[in-house]
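Structural description and commentary
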Amino acid sequence: MSLTAGIVGLPNVGKSTLFNAITESSVEAANYPFATIDKNVGVVEVKDKRVDDIATLFHPKKSIYTYFEFTDIAGLVKGASKGEGLGNQFLANIREVDAICHVVRCFDSSDITHVEGRIDPIEDIEIIELELQLADLQTVENRLSKVERKVKNTNDSEAKMEYNLLKKAQDLLLSNKPVSILERNKEEDALLKGFHLLTDKPVIYVANIDEQYVSDPHESDYFNQVEAYAIERNCPIVAISAQMEQELSTLEEEESQMYLEEMGVTESGLDKIVRTSYNILNLKTFFTAGEQEVRAWTFHDGMTASECAGVIHTDFQRGFIRAETYAYEDLMNYGSELSIKEAGKLRLEGKEYKAQDGDIFHFRFNV
């Protein structure tokens, strides 16, 4: 399951530095199925202690974390919605991502010129969000003009639903509000998703702060401004030092951990971004385990056992018979699959079973 977050931001806010850190810490793409990695896509491991814990019991030949993709989106300037700068490329690329990591400059530096000639993180955010709203407004109004004619000339109930939905979206955009806050049922949601509206994507604000503040971002006035803005919009915020992330990406694991301890933090900013991306996209993890490998896999919350089998291979889903299942917590409590069976904790689940985070599956199938 290939999911990606797009890294966006004005020029000179640290977007490229962060992406460089991501690409330098990228895992080998060959380890992962279904992934053709372009030059503007970085793949990072989702660090999960459970993989290591399971591996200590199975002693596999290899252990593989699940992964997450980040796409470096072309820089944006005022007027992007009208094609200014690389606006058209920016908007086309961002339509393809699942979530947006909005990098905001929260540091002072006489060596790095701000494109607007000042440091104002809230205005920076508003520049980009306005361009996204204007681009969405153009998409919505173009579609409205076509649907309106159909509504006037027919009694098509689907056309009426689409028209009413688009009018609500238009009203929000004209009020400088994102489409993401529009309440909708499942049918309306599916319809709206088809338009790939930019402001309907979940957003993480990434405050790029000075390295001196990483142990306590609230010492930065700039960060506090962005945090208040994020809270008002019910969006998550992650504080990072992009420069520090790039330095960390060049270090071995042990050196990296020592560096983090010296800086007074427990995990890298990149790991925080990945974890937050998982949360906002409602992603969970299941595992497969054996002598050959222990592996983590990503699935959407609510997926069934057969759909999770399809994450590994479509044949697994097509020929699904059942899933032998137990929980990671039970494996840790009982210490082995045999002990889990003896305790009656091994379950046989059918194709409609809703997978839970931490499930360990052994799929039975016949093609």
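See above for the structure.
Rules behind the numbers
Per chain, residue numbering runs from 1 following the sequence as it is written. Local features in this predicted model are restricted to residues of pLDDT 70 or higher, and side-chain atom pairs are both shown and tallied only at a pLDDT of 80 or more, whereas totals for entire chains, interfaces and linings draw on every residue. Side-chain measures here rest on the full set of heavy atoms in the structure, leaving out hydrogens and waters. A run of H or I in DSSP becomes a helix once it reaches four residues, and a run of E becomes a strand once it reaches two; helices and strands are each numbered from the N terminus. Contacts between residues were defined by any pair of non-hydrogen atoms, one from each residue, lying within 4.5 Å. The method behind every accessible area is Shrake-Rupley, applied with a 1.4 Å probe, and residues are considered shielded solely by the protein chains displayed. In this scheme, strands are said to pair when DSSP sees at least two bridges between them. Orient the strands so they point away from the viewer; a crossover is then right-handed if the path from the first strand over the helix to the second runs clockwise. Residue burial is assigned from relative accessible area. The probe radius is 1.4 Å, only protein chains are included, and a residue is buried under 20% of its type maximum, exposed over 50%, and partly exposed in between. Only four residue types enter the charge count: Lys and Arg as positive, Asp and Glu as negative, with His and the chain ends excluded. Between Lys or Arg on one side and Asp or Glu on the other, a salt bridge is scored when a side-chain nitrogen of the former is within 4 Å of a carboxyl oxygen of the latter. Nitrogen and oxygen atoms within 3.5 Å of one another constitute a polar contact, given that in protein one can donate a hydrogen and the other can accept it, and given that sequence-neighbouring residues count only through two side-chain atoms. For helices, the fitted line uses only the C-alpha atoms of the stretch in contact; every axis is such a line through C-alpha atoms, and the angle between N-to-C directions lies from 0 to 180 degrees. Here is the rule for angles: anything less than 35 degrees is roughly parallel, anything more than 145 is roughly antiparallel, 65 through 115 is roughly perpendicular, and the remaining ranges are oblique. Following the grouping adopted for this structure description, the nonpolar residues are Ala, Val, Leu, Ile, Met, Phe, Trp, Tyr, Cys and Pro, the charged ones are Asp, Glu, Lys and Arg, and the polar ones are all others, Gly among them. By definition, the arc is the one covered by directions from the helix axis to the C-beta atoms. Nonpolar side chains (Val, Leu, Ile, Met, Phe, Trp, Tyr) within 5 Å and like charges within 9 Å form the patches, drawn only from residues with over 30% relative accessible area and no salt bridge. Positions of charges follow a simple convention, taking NZ of Lys, CZ of Arg, CG of Asp or CD of Glu.

1. Description of the overall build of the protein
When helices and strands are tallied, the protein shows 14 helices and 12 strands. Taking all contacts inside the protein whose residues are at least 6 apart in sequence as the whole, residues at least 24 apart take part in 69%. For the protein, the accessible surface area stands at approximately 18,400 Å², while carbon and sulfur atoms represent 45% of it.

2. Regarding the pairing of strand β7 (residues 237-240)
Sheet topology places strand β6 (residues 203-209) next to β7; four bridges connect them, and they run parallel. Within the sheet, the bridge partner assigned to Tyr 205 lies in β7 and is Ile 237. The parallel pair β6 and β7 is bridged by helix α7 (residues 221-232), and the resulting crossover is right-handed.

3. What about the side chain of Lys 201?
With respect to the helices and strands, the residue Lys 201 is situated in the loop between α6 (186-193) and β6. Within the buried set, Lys 201 has no salt-bridge partner at all; the shortest N-O distance to an opposite charge, 6.4 Å, is to Asp 98. A polar contact is formed between the side chain of Lys 201 and the backbone oxygen of Val 97, at a distance of 2.7 Å.

4. Re the packing of helix α5 (residues 157-174) against α6
The geometry of α5 relative to α6 is characterised by a closest axis approach of 11 Å and an angle of 70° between their N-to-C directions. It follows from the interaxial angle that α5 and α6 lie roughly perpendicular. Facing Met 161, Glu 162 and Leu 165 of α5, the residues of α6 in contact are Glu 187, Glu 188, Leu 191 and Leu 192. Split by residue class, the contact of α5 with α6 holds four nonpolar, no polar and three charged.

5. Examining helix α1 (residues 15-24)
Listing the buried residues of α1 in full gives Lys 15, Leu 18, Phe 19, Ala 21 and Ile 22. With its buried residues spanning 155° around the axis, α1 presents them on a single face.

6. Regarding unusual backbone geometry
Backbone geometry follows two general trends: most residues other than glycine have a negative phi, and most peptide bonds adopt the trans configuration. Look at Asn 12: it is not a glycine, yet its phi comes out positive at around 65°. Inspection of the secondary structure puts Asn 12 in the loop between β1 (4-8) and α1. Even without glycine at this site, His 59 takes up a positive phi of about 50°. Secondary-structure assignment places His 59 in the loop between α2 (49-58) and β3 (62-64). By relative accessible area, which is 64% here, His 59 ends up exposed.

7. Digging into the pattern of salt bridges
What the rule picks out here adds up to 19 salt bridges. In this structure, Arg 50 engages Asp 357 in a salt bridge whose closest nitrogen and oxygen atoms are separated by 3.0 Å. Within this pair, whereas Arg 50 is found in helix α2, its partner Asp 357 is found in the loop between β11 (347-349) and β12 (359-365), the two being separated by 307 residues in sequence. Classification of Arg 50 as buried rests on a relative accessible area of 16%. What emerges from the salt-bridge pattern is a single network uniting Arg 184, Asp 189, Lys 193 and Asp 200.

8. Quick look at a negative patch on the surface
Taken together, the side chains of Glu 252, Glu 253, Glu 254 and Glu 255 define an acidic patch exposed on the protein surface. Relative to the helices and strands, Glu 254 is located in helix α9 (residues 253-263).

9. What to know about the sheet that holds strand β4 (residues 67-72)
Spatial strand order, β2-β4-β1-β5-β6-β7: six strands in an open sheet with mixed pairing. At either margin of the open sheet sits one strand with a lone partner, and together these are β2 (41-45) and β7. Strand after strand, the sheet turns through a mean of 25° between neighbouring axes, direction not considered. With four bridges connecting them, β1 and β4 associate as parallel partners. Each residue of the ladder has a partner; that of Gly 6, found in β4, is Thr 71. The strands touched by helix α10 (residues 269-280) within the sheet are β1, β2, β4, β5 (99-106), β6 and β7, with β4 carrying the most contacts at an inclination of about 100°.

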